[in-house]
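# Notes for the structure review
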Amino acid sequence: MPDAATSNAAPTDLVELGRITAAYGVKGWVKVQPHSANAEVLLSASQWWLTRPVPELARGAVASAPVAFKILQSRSQGATVVAQLQGITDRDQAEALRGHTVQAPRGSFPAPEEDEYYWVDLIGCALYTSANGEPTRIGVVSEVLDNGAHAVLKVLLQKGEGESAEPVLDAKGRPAEMLVPFVRAHIHAVDLAARRIDSDWPADF
């Protein structure tokens, strides 16, 4: 690993924002494919934490510890982000980083605008619906997707409340899921402190 990579302990709140897909140019720049709408965070960060990928066929392999790189320059390039990392000075070094995940501490994210949310903050929130009158818990957000027009919540269906909640299984015994558009027409309130999202989405949709 280049000498310029810092060896200090990684923060505990690292969030994966994208993946290095290729070298960019001949002077050591890398090209990053952001996950969903994370380009803004990538561009605002002064330091990225990179983690080497673990080969899928390597049984028992342990992921390497994240290593910090200072960002000298970065900019948008179409749907990707290109950046110059300190200590990476030629194309071969940049190519060696292909496949590495790019992370940054959640605490370093810029404050979102009013009524805007980072997708990572929505994961783990309980989704409630008032479609049938009283608020009813549907399940927990496990992932946030992008369908091109807006964000979509992938919700793992559950029955019960709190720690006693149990997953709902489909006919094949797999955890049942529901996709809910994250749009103002259906999402009435988001309370990140309470880890709760209120909606009018039908529980049996």
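Residues numbered from 1 in each chain as written. Predicted model: local features only at pLDDT ≥ 70, side-chain atom pairs only at ≥ 80, totals over all residues. Heavy atoms only, no water.

## So, the pairing of strand S2 (residues 29–34)
Regular strands place side chains that alternate from one sheet face to the opposite one. Across six bridges, strand S1 (residues 14–24) lies against S2 in antiparallel orientation. Following the sheet pairing, Ala22 is matched in S2 by Lys31. In this antiparallel pair of consecutive strands, S1 and S2, the connection spans four residues, and Gly25 shows a positive phi of 75°. Bridging between S2 and strand S5 (residues 80–85) involves four bridges; their strand directions are antiparallel. Looking at the pairing, Val32 lines up with Val81 of S5. (Pairing = 2+ DSSP bridges. Helix = DSSP H or I, 4+ residues; strand = E, 2+ residues; numbered from the N terminus.)

## Description of the environment of Ala39
Within the secondary structure, Ala39 sits in helix H1 (residues 39–44). When its relative accessible area of 24% is taken as the criterion, Ala39 is described as partly exposed. (Buried < 20%, exposed > 50% of the residue type's maximum accessible area, 1.4 Å probe, protein only.)

## Some words on the side chain of Gln103
The residue Gln103 is located in strand S6 (residues 101–105) in this model. Separated by 2.9 Å, the side chains of Gln103 and Thr51 make a polar contact. Filtering out sequence-adjacent residues up to four positions away, Gln103 remains in contact with Leu14, Val15, Glu16, Leu17, Trp48, Trp49, Thr51 and Pro66. (Polar contact = N/O pair within 3.5 Å; in protein donor to acceptor, adjacent residues only side chain to side chain. Contact = heavy atoms within 4.5 Å.)

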